[in-house]
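One-letter residues, chain by chain:
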Amino acid sequence: MSHWYDKQGNPRYEVEGKKGLRPSTLRDARKFGWVPSVSTVWGDVVTKPMLNKWIQSELMGALWKEFHAGENMGVGGGYPEYEKMARVRFNEKQQKVMGRGTMIHDHLEKYFTKREGEIPSEFLGLCQGVATKLQEVTSNDVSNPNNHWRVEAPFSHQSGYGGKVDLYNDNWVVDFKTKEFGDKPNVKKMVYDDYGVQLAAYDQGLPPPPDKNLSGRKLLNLFIDVGSSRVLEWEHEDVARFRSMFNHALELWKLMKKYNPEWHVM
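To start, this report covers the structure provided alongside it. (Residues numbered from 1 in each chain as written. Predicted model: local features only at pLDDT ≥ 70, side-chain atom pairs only at ≥ 80, totals over all residues. Heavy atoms only, no water.)

We now examine the overall build of the chain. A tally of regular secondary structure across the chain gives eight helices and nine strands. Each of the 266 residues in the chain was classed as buried or not, and the buried ones make up 37%. Surface summary for the chain: the accessible area is close to 15,800 Å², and the carbon and sulfur share equals 52%. (Helix = DSSP H or I, 4+ residues; strand = E, 2+ residues; numbered from the N terminus. Buried < 20%, exposed > 50% of the residue type's maximum accessible area, 1.4 Å probe, protein only. Areas by Shrake-Rupley, 256 points an atom, 1.4 Å probe, with all protein chains shown as cover.)

Next comes the structure, spelled out in structure tokens:
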């Protein structure tokens, strides 16, 4: 589903339709002058090989399970029926994975906005582990009492895109990723250019830090194991390349969609 923001940075994910709220579309964006999210731009323009591989593997696995379940139960209908059931099984797992990630993000938002009392006890340790890792990674920052974390902060940028950032301050832009680590996690194998591009686009779109001496915010992914609550970090270093990749994708998106929502600041 595409996500959109107005020029003030407010999320415009849904609009009122004939039968109630429905997801916003490009047609709505054209009408109201909204901008696409970072993920919408990148997802519309750039293929994601690892995501596609995961989808294919999960679909084939679901088909295999449905076939054997059907054989054991004497289900007929041939391939079309098995394919239909496999897609149902896959969609259920995909929704479960997405829902789990959204739920953990929601709990982390509550934790970092000092609403720990709203977090179920079974997830409090996970949130504390994320906070501990974040403190560990960022502990060398110059002390600044006003440099607090902004949480789930939406924005829009004049070049014609927007987004919502998990965490940021004057020194860092942080995005959480939920994963299933397995027995021997290797953080390098969890990192893709997509993640660096996302963070670089966020950094570019956010208000610049007030300290002009800063060379730019650092880009940080925190990977969270949904099974054990382990947390691993990765700081992206090739910031200029990632920013250029996104800006080229944004220009291509505008040409593909025949829609340029950028504006000029007077």
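Still to come is the rest of the account.
For the structure shown, the criterion picks out 16 salt bridges. Close ionic contact of Arg22 with Asp28 constitutes a salt bridge, the shortest N to O distance being 2.9 Å. Asp225 is the partner of Arg230 in a salt bridge, and the nearest nitrogen-oxygen pair spans 2.9 Å. Here the salt bridges do not stand alone but share partners, grouping Lys133, Glu136 and Glu233 into one network. (Salt bridge = Lys/Arg side-chain N within 4 Å of Asp/Glu carboxyl O.)

Applying the stated criterion across every chain yields a total of 11 aromatic pairs. Their ring planes at 85° and their centres at 5.6 Å tell us that Tyr5 and Tyr13 sit as a pair that is edge-to-face. Residue classification places Tyr5 among the buried residues on the basis of a relative accessible area of 2%. In this structure Tyr13 comes out as partly exposed when scored by relative accessible area, which is 23%. Both rings, one in Tyr161 and one in Phe246, keep their centres 4.7 Å apart while their planes meet at 65°; by these two values the pair is edge-to-face. (Phe/Tyr/Trp six-rings, centres within 6.5 Å; stacked < 30°, edge-to-face > 60°.)

Before going further, it helps to spend a moment on the pairing of strand β3 (residues 20-23). Pairing of strand β2 (residues 14-17) with β3, which is carried by four bridges, proceeds in the antiparallel orientation. Opposite Glu14, over in β3, you have Pro23 as the bridge partner. (Pairing = 2+ DSSP bridges.)

Moving on to the nonpolar core. By size, the foremost hydrophobic cluster in this structure holds 27 residues, and its most contacted members are Tyr161, Val165, Val173 and Phe246. Counting only elements with at least two residues in this core, the list comes to α2 (38-45), β5 (150-157), β6 (161-168), α7 (193-205) and α8 (239-257). Other than its neighbours up to four places away in sequence, Val165 contacts Val151, Glu152, Ala153, Phe155, Val173, Val174, Tyr202 and Leu206. Core analysis: the next-biggest nonpolar cluster, separate from the first, contains 21 residues, Leu108, Ile119, Leu167 and Leu220 among them. (Core = buried A, V, L, I, M, F, W, Y, C linked by side-chain atoms within 4.5 Å. Contact = heavy atoms within 4.5 Å.)

A separate point is the sheet that holds β5. An order of β5-β6-β7-β8-β9 is seen for the five strands of this open sheet, with the pairing classed as mixed. Each edge of the open sheet is held by one strand with a lone partner, namely β5 and β9 (231-236). Here the strands of the sheet are splayed against their neighbours by 35° on average, with no regard to which way each runs. Judged from the two bridges that link them, β6 and strand β7 (residues 172-179) form a sheet pairing that is antiparallel. (Axes fitted to C-alpha atoms, helices over the stretch in contact; angles between N-to-C directions.)

A word on the pairing of strand β8 (residues 218-225). Within β8, seven of the eight residues are buried, which leaves it mostly tucked inside the rest of the structure. Of the strand pairs in this sheet, β8 and β9 are connected by six bridges, and their pairing is antiparallel. Looking at β9, one finds that Ile224 is bridged to Val231. Between β8 and β9, which follow one another and run antiparallel, lie five residues, and Ser229 among them has a positive phi close to 70°.

So, on to the environment of Leu167. As for its position among the elements, Leu167 is in strand β6. Put simply, Leu167 and Leu108 are 59 residues apart on the chain and 9.9 Å apart in space, counted from C-alpha to C-alpha. With residues near it in sequence (within four places) discarded, Leu167 still touches Phe112, Leu134, Trp149, Arg150, Val151, Trp172, Val173, Val174 and Phe176.

What follows deals with a nonpolar patch on the surface. On the surface, a cluster of nonpolar side chains totalling about 320 Å² of accessible area is made up of Leu252, Leu255 and Met256. Its location among the elements puts Leu255 in helix α8. With relative accessibility at 67%, the residue Leu255 sits in the exposed group. (Patch = residues over 30% accessible without salt bridge, like charges linked within 9 Å, V, L, I, M, F, W, Y side chains within 5 Å.)

Residues spaced three or four apart along an α-helix point in a common direction, a consequence of the helix completing one turn every 3.6 residues. Given a rise of 1.5 Å per residue, 18 residues ought to cover 26 Å, and the 26 Å separating the end C-alpha atoms of helix α5 (residues 121-138) matches this to within 8%. Within α5 the residues assigned to the buried category are Phe123, Leu126, Cys127, Val130, Ala131, Lys133, Leu134, Val137 and Thr138. The buried side chains of α5 occupy one side of the element, clustering within an arc of 160° when seen end-on. Residues Ser121, Thr132 and Gln135 are exposed on α5 and point more than 90 degrees away from its buried face. (Expected span 1.5 Å × (residues − 1). Arc of directions from axis to C-beta.)

Moving on, we get to the side chain of Thr40. Locating Thr40 in the fold gives a position in helix α2. Since its relative accessible area comes to 5%, Thr40 is described here as buried. Here the side chain of Thr40 touches His3 through a polar contact of 3.0 Å, landing on its backbone nitrogen. (Polar contact = N/O pair within 3.5 Å; in protein donor to acceptor, adjacent residues only side chain to side chain.)

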